[in-house]
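Observations on the model geometry
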Amino acid sequence: MAQKSVVLMPGDGIGPEVVGATVEVVEAATAGDPAITWSEVLMGGCSIDVHGTALTDEVLAECRAADAVLLGAVGGPKWDTTDPDAPRPEQGLLGLRAGLGLFANLRPVKPPPALYGASPLREERIAGTDLLVVRELTGGIYFGERGRTDDSAYDTCPYSRDEVERLARRGFEAARGRRAKVTSVDKANVLETSRLWREVVSGLAAEYPEVELEHMLVDNAAMQLVSRPADFDVIVTENLFGDILSDEAAMITGSIGMLPSASLGAAGAGLYEPVHGSAPDIAGQGIANPIATCLSAAMMLRYSLDAPGAAARIDDAVAATLDAGVRPRDLGGDADTRAVTDAILGALA
Ligand code: IPM
Ligand code: MG
């Protein structure tokens, strides 16, 4: 029987609730194959409280040695600060992405037909939507040089050819196994980094003749995403644009509580986490929607743990749960975390 090791980072807010539910679901879906060793660590605000930093070197080293990392969410009002010298929970997440070299962030958006009515967009607009945002995760304005004085501040957005190319390659490769279309999103009419981005992506397209490539300016992409989302297949874009567009795309499924993600590097452990945050307003009440984390765990089984069968069982069980009419609060229902988890476990059985 295969042995795999997963580092669990429940994090802050609703993180522990959705991660706890997901471990139950993964155990049921795998039934010991692979046999997963879970090791729970602190990351985010909970780590700041104990260690004074959101991510310790020990935790990072443990992640490097594992097959995968499963994260709930980090952050909350307790650690909100504008003091540039104070530790912030998000630094742990960014440190993890950089420290593990996780340059490619995959965020699939595929609303199940049972949820077409839950989206604020009309059903005829979203029907058939099946898109994948491939977001660059370790470069750009998130990691560029920054600074401030009393009355001015700046953030820079550097990108190298190599950084753009390795990310775009992930996009083209993903498109090959899908509908063979890549939409590269940039702001090439204004930004120099976007002009480099467009040049590199265009150059790479020659290596993927079976994939259709289009370029789209980010403001236009924001509009097209809500007016004709079903026309997108794979969207490749830089860090900040991908952050914003993936939240926007989440609403196609009716709630950000539905969206999973995988962050991958060239090799080594991948990081799996829901796209939503720590939702401090509902933390500890047992009402958080665990579906995005369950779907993230399915991606983990598929991409890092070599268990595509168990991954498909979780995807199917979530679909069956929604088909049966089970709706957590964020989708307008009243099913709490326990009820949603039990419904998924029931569908798996
Ligand atoms: C995300 C989040 C993070 C990001 C925050 C928490 C730093 O919004 O994963 O999309 O901006 O990347
Ligand atoms: Mg975000």
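For every chain, the first residue of the written sequence is number 1, and numbering continues from 1 onward in sequence order. As a convention, the first chain written is A and the first ligand written is 1, with the rest following in written order. Only residues with pLDDT of at least 70 are given local features in this predicted model, and only at 80 or more are side-chain atom pairs given and counted; all residues enter the totals for whole chains, interfaces and linings. Side-chain measures here rest on the full set of heavy atoms in the structure, leaving out hydrogens and waters.

1. Section: the side chain of T321
Threshold: The secondary structure listing takes helices from DSSP runs of H or I that are at least 4 residues long and strands from runs of E that are at least 2 residues long, numbered from the N terminus. Three exposure classes are used, based on accessible area relative to the maximum for each residue type with a 1.4 Å probe and protein chains only: buried under 20%, partly exposed in between, and exposed over 50%. Pairing of N or O atoms within 3.5 Å defines a polar contact, subject to two protein rules: one partner must be a possible hydrogen donor and the other a possible acceptor, and residues neighboring in sequence count only if both atoms are side-chain atoms. Note on definitions: a residue-residue contact is assigned when non-hydrogen atoms from the two residues lie within 4.5 Å.
Here T321 lies in helix α11 (residues 308–323). The class for T321 is buried, based on a relative accessible area of 3%. A polar atom in the side chain of T321 sits 2.8 Å from the backbone oxygen of A317. Ignoring sequence-local partners within four residues, the contact set of T321 consists of V326, V340, A343, I344 and A347.

2. Focus on the sheet that holds strand β9 (residues 212–217)
Applicable threshold: By this definition, two strands are paired if DSSP reports at least two bridges between them. For helices, the fitted line uses only the C-alpha atoms of the stretch in contact; every axis is such a line through C-alpha atoms, and the angle between N-to-C directions lies from 0 to 180 degrees.
Pairing is mixed across the open sheet formed by 10 strands, whose spatial order is β2-β1-β3-β12-β11-β4-β5-β10-β8-β9. Only two strands of the sheet have a single neighbouring strand rather than two, namely β2 (35–40) and β9. Averaged over neighbouring strand pairs, the angle between their axes works out to 25° when direction is ignored. Examined bridge by bridge, strand β11 (residues 260–264) and strand β12 (residues 270–274) share 4 bridges and lie antiparallel to one another. From the neighbouring strand, S263 faces β12, where its bridge partner is L271. Of the strands in this sheet, β5 (131–136), β8 (181–186), β9 and β10 (234–237) are in contact with helix α7 (residues 192–205), which crosses β9 at around 170°. On the sheet, helix α8 (residues 218–227) packs against β5, β8, β9 and β10 and is oriented at approximately 105° with respect to β9.

3. Section: the packing of aromatic side chains
Here is the rule: Aromatic rings from Phe, Tyr and Trp, with only the six-membered ring used for Trp, were paired whenever their centres fell within 6.5 Å, and each pair was classed as stacked if the ring planes differed by under 30 degrees, edge-to-face if by over 60, and tilted otherwise.
Per the stated rule, a full pass over the model turns up 2 aromatic pairs. Relative to W197, the ring of Y159 has its centre 5.6 Å away and its plane inclined at 70°; by these criteria the two rings are edge-to-face. Of this pair, Y159 sits in the loop between β7 (153–155) and α6 (161–176) while W197 is found in helix α7, placing the two residues 38 residues apart along the sequence. Accessibility assignment for this pair places Y159 and W197 in one class, buried. Centre to centre, the rings of F172 and Y208 are 4.9 Å apart; their planes meet at 5°, and the pair counts as stacked. In this pair, F172 sits in helix α6 while Y208 sits in the loop between α7 and β9, placing the two residues 36 residues apart along the sequence.

4. Overview of unusual backbone geometry
The amide bond that connects D33 to the next residue, P34, takes the cis arrangement and shows omega of 5°. Note that P34 resides in the loop between α1 (15–30) and β2. Positioned with a positive phi, A31 is a non-glycine residue whose angle comes to about 45°. As for its placement among the helices and strands, A31 is situated in the loop between α1 and β2. The class of A31 is exposed, set by a relative accessible area of 65%. Here the phi dihedral of A180 falls at roughly 60°; this positive angle occurs in a residue that is not glycine. With respect to the element layout, A180 can be found in the loop between α6 and β8.

Treat this as a map of the structure, not an account of what it does.
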